[in-house]
Amino acid sequence: MTEPTEDVTVTRNDAAGRYEIHVGDVLGGFTEFRVDSRGRLVFPHTSIDPAFAGRGLGAVLVGDAMKDAVARHETVVPECPYVVRFLQKHEVEGLEIDWSRSGTAGTGAAAGGSGV
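Residues numbered from 1 in each chain as written. Predicted model: local features only at pLDDT ≥ 70, side-chain atom pairs only at ≥ 80, totals over all residues. Heavy atoms only, no water.

Participant: Talk me through the confidence of the model for the protein chain; I want residue IDs and the actual numbers.
Facilitator: Summary statistics for the protein chain give a mean pLDDT of 88 and a share of 84% for residues scoring 70 or more. For residues 106–115, every residue scores under 50 in pLDDT, and the model assigns this stretch 18 contacts once sequence neighbours within four places are set aside. (pLDDT = per-residue confidence, 0-100. Contact = heavy atoms within 4.5 Å.)

Participant: Pulling in residues and values, what's your account of the packing of aromatic side chains?
Facilitator: Inspection of every chain in the model, using the stated rule, returns three aromatic pairs. Here the aromatic rings of Tyr19 and Phe43 are separated by 6.3 Å at their centres, their planes lie at 20°, and the arrangement is stacked. With Tyr19 in strand β2 (residues 18–23) and Phe43 in strand β4 (residues 41–48), this pair connects stretches of sequence that are 24 residues apart. What makes Tyr19 buried here is its relative accessible area of 2%. Summarising the aromatic geometry, the rings of Phe33 and Phe43 are spaced 6.1 Å apart at their centres and angled 50° between planes, so their arrangement reads as tilted. Highlighted residues: Phe33 in strand β3 (residues 26–35) and Phe43 in strand β4, separated in sequence by ten residues. Of the two residues, Phe33 and Phe43, both sit in the buried class. The rings of Tyr19, Phe33 and Phe43 are connected pair by pair, giving a single aromatic cluster. (Phe/Tyr/Trp six-rings, centres within 6.5 Å; stacked < 30°, edge-to-face > 60°. Helix = DSSP H or I, 4+ residues; strand = E, 2+ residues; numbered from the N terminus. Buried < 20%, exposed > 50% of the residue type's maximum accessible area, 1.4 Å probe, protein only.)

Participant: Please set out helix α2 (residues 81–89) residue by residue, giving values where relevant.
Facilitator: Residues Pro81, Tyr82, Val83, Val84, Phe86 and Leu87 constitute the buried set of α2. Those residues of α2 hidden inside the fold are in contact with β3, β4, α1 (57–71), β5 (75–78) and β6 (96–97).

Participant: Describe the pattern of salt bridges, with residues and values.
Facilitator: Pairs can form between side chains of opposite charge whenever their charged atoms are close. Taken as a whole and assessed by the stated rule, the structure comprises eight salt bridges. Residues Arg12 and Asp68 are paired through a salt bridge, measuring 3.7 Å at the closest nitrogen-oxygen approach. Of this pair, Arg12 sits in strand β1 (residues 8–13) while Asp68 sits in helix α1, placing them 56 residues apart in sequence. Taking the relative accessible area as the measure of exposure, Asp68 reaches 22% and is therefore partly exposed. Between Asp98 and Arg40 there is a salt bridge, and its shortest N-O distance comes to 2.2 Å. You can see Asp98 sitting in the segment after β6 and its partner Arg40 sitting in the loop between β3 and β4, a full 58 residues away along the chain. Looking at Arg40, the relative accessible area reads 8%, which means it is buried. Through salt bridges with shared partners, a single network forms among Arg12, Asp14, Asp68, Arg72 and Glu74. (Salt bridge = Lys/Arg side-chain N within 4 Å of Asp/Glu carboxyl O.)

And the structure:
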């Protein structure tokens, strides 16, 4: 996986319910979230524009989204297979994760379906 070399920014778009990654001024992808009845951030889907495939944008996007969740003291519920795999492979210090709806219970088995 190649590290992004262009100006890459990740922002939280509460109105759209997603974190967005931009390469310059172009939307490169997003990871959707919704706040459930317990105030947790549920991540159901992540998408990276195929034009940006292979640049590591998915990892940057999800990593920054998880760091932001830590800063906001929010609990994350991973449902998206990509987010599940990311969290199984990467330690995010201070992140509270509720694995109950991921289908993995944090065991290391990735949820089914296609990822980013």
